[in-house]
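One-letter residues, chain by chain:
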Amino acid sequence: MKAGSRDRQRRESNSWSWGKKPISYKNCFGTSMVWFTPRIISLVQGYAGLDDIPLIENEQLQRFAEHYPDIDLRTLIRFFVARDQNIKKAKNMLDNYLQFKREKLSKFTEAKAQQILGVGQRSVLMEMGKAKDGTTLILFRGCLIKEGISAEEFGTAMAWFMEQLVKKTGPYTPPRFTIAGATNGINGAPNLPAGKLMGIFKMISTVLGDNFPETCQKVIVFPFPMVGRIFWGLAKLFIDPKTAQKFEFLSGSTKRHAEPHRDFWKWVSQDQCVKGWLGPLEERKEAQVPCWFASSA
């Protein structure tokens, strides 16, 4: 891929209007300072004597931001876009997220998250490198989910994990993630049947959709059986087309530790995957990194 194409992909993947109605807020002061809060942006604008330039050109976004003067504009735009620029709906979504943070995430500890999700390469969730579009690559392995973990516990732990990733992206880059969901079993893992995990899978969808809008760039599930594709074809009739476009279901070997289908490498380079990422646990060494944030091989 040419450098120009890669740069264009990255710009598109980090666009606030990805898959949604675009926001017209160019030529305004806030555009260049989305990592700051509206209060700080306003103070800087006044100090610089640039009152003739709109703080935020989009009137709906301006009105929405007035409710949250101390939340960075980048976050406000994500929730605003997620609810199609509807102030009432965006406010309800953001208020629920803030309540969730206060009541759940603020009391959640890293030790508790490790207990639920696992540690290092034994964790259900692992940050790897970057997808080809520049988004952060996350590995999800359902076979490592432990028996006895409730859907609510797992959902809160995954939200805590995502919250750390959002913080880690830093203030200058919109948080966007590509999730690789490996369905193969792993020797030494719990390998619970899918039927026992349906409650957890539903909770994952709810928690991430409600609290981390406009962060999921793509979900790649592999291997995905033919019967699953038939059901997905029916399910897509009831799903927003823009959301459905984020999913890629690949065929391939269902054997334990099998490599992903060759099409997986359309979106991910091999050097961005942690060494032994699909191998048996007994042949692995624990990653010498805190929690789940591993470096790529």
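So, here is what we can say about the structure in this document. (Residues numbered from 1 in each chain as written. Predicted model: local features only at pLDDT ≥ 70, side-chain atom pairs only at ≥ 80, totals over all residues. Heavy atoms only, no water.)

Residues I138, F140, F154, M158 and M162 are the most contacted members of the largest nonpolar core, which totals 39 residues. It is helix α7 (residues 151-168) that provides the largest number of residues to this core, a total of nine residues. The contacts of I138, once residues within four sequence positions are left out, are L125, M126, F161, M162, L165, F177, T178, I179 and A180. The next biggest cluster of nonpolar side chains, apart from the first, holds 22 residues, and it includes F80, A82, I87 and L94. (Core = buried A, V, L, I, M, F, W, Y, C linked by side-chain atoms within 4.5 Å. Buried < 20%, exposed > 50% of the residue type's maximum accessible area, 1.4 Å probe, protein only. Helix = DSSP H or I, 4+ residues; strand = E, 2+ residues; numbered from the N terminus. Contact = heavy atoms within 4.5 Å.)

Turning to the sheet that holds strand β4 (residues 216-222), a few remarks are in order. Strands in a sheet are paired, the pairing made by backbone hydrogen bonds, and the direction either parallel or antiparallel. The five strands are arranged β1-β2-β3-β4-β5 in an open sheet whose pairing can be described as mixed. The strands lining the two open edges of the sheet, one partner per strand, are β1 (125-130) and β5 (247-249). On average, each strand axis in the sheet is inclined to that of its neighbour by 20°, with strand direction left out of account. Pairing of β1 with strand β2 (residues 136-141) involves four bridges; the strand directions are antiparallel. Residue pairing across strands places K130 opposite T136, the latter belonging to β2. This element, α7, spans β1, β2 and β3 (177-182) of the sheet and lies at about 25° to β1. (Pairing = 2+ DSSP bridges. Axes fitted to C-alpha atoms, helices over the stretch in contact; angles between N-to-C directions.)

Residues F36, I40 and V44 make up a contiguous nonpolar surface patch of about 200 Å² in total accessible area. Looking at the element boundaries, I40 is found in helix α2 (residues 38-48). (Patch = residues over 30% accessible without salt bridge, like charges linked within 9 Å, V, L, I, M, F, W, Y side chains within 5 Å. Areas by Shrake-Rupley, 256 points an atom, 1.4 Å probe, with all protein chains shown as cover. Salt bridge = Lys/Arg side-chain N within 4 Å of Asp/Glu carboxyl O.)

Time to look at the packing of α7 against helix α8 (residues 194-211). The geometry of a pair of packed helices is captured by two quantities: the angle between their axes and the separation between those axes. The geometry of α7 relative to α8 is characterised by a closest axis approach of 9 Å and an angle of 40° between their N-to-C directions. Judged on the interaxial angle alone, α8 and α7 are oblique. Seen from above, α7 lies across α8 with right-handed handedness. Two secondary-structure elements touch here, α7 through A151, E152, F154, G155, M158, A159 and M162 and α8 through G199, I200, M203, I204, V207 and L208. Residues of the contact of α7 with α8, tallied by class, amount to 10 nonpolar, two polar and one charged. (Parallel < 35°, antiparallel > 145°, perpendicular 65-115°, else oblique. Left-handed = near helix turned anticlockwise from the far one by under 90°. Nonpolar A, V, L, I, M, F, W, Y, C, P; charged D, E, K, R; others polar.)

It is worth spelling out the packing of aromatic side chains at this point. Across all of its chains, the model carries 14 aromatic pairs by this definition. Between F222 and F264, the aromatic rings sit 5.0 Å apart at their centres with planes inclined by 55°, giving tilted as the arrangement. On the criterion of sequence distance, the pair formed by F222 in strand β4 and F264 in the segment after β5 is long-range, its members being 42 residues apart. F264 carries the same exposure label as F222, and that label is buried. Aromatic pair F247 and F249: ring centres 6.0 Å apart, planes at 10°, arrangement stacked. Overall, F247 belongs to the partly exposed group, its relative accessible area being 28%. The structure contains a cluster of three or more aromatic residues connected by ring pairs, namely F222, F264, W265 and W277. (Phe/Tyr/Trp six-rings, centres within 6.5 Å; stacked < 30°, edge-to-face > 60°.)

Turning to the side chain of T136, a few remarks are in order. With respect to the helices, strands and loops of the structure, T136 is situated in strand β2. T136 gets classed as buried once you look at its relative accessible area, which sits at 5%. A polar atom in the side chain of T136 sits 3.2 Å from the side chain of K130. With sequence-adjacent residues up to four places away left out, T136 is seen in contact with E127, G129, K130, R176, F177 and T178. (Polar contact = N/O pair within 3.5 Å; in protein donor to acceptor, adjacent residues only side chain to side chain.)

Of all six residues that make up β3, six are buried, and the element is covered over most of its length. Burial along β3 is two-sided: the residues F177, I179 and G181 and T178, A180 and A182 are all buried. Considered for its hand, the β-α-β crossover made up of β2, α7 and β3 is right-handed. Pairing of β3 with β4, which is carried by six bridges, proceeds in the parallel orientation. (Right-handed = clockwise from strand over helix to strand, strands pointing away.)

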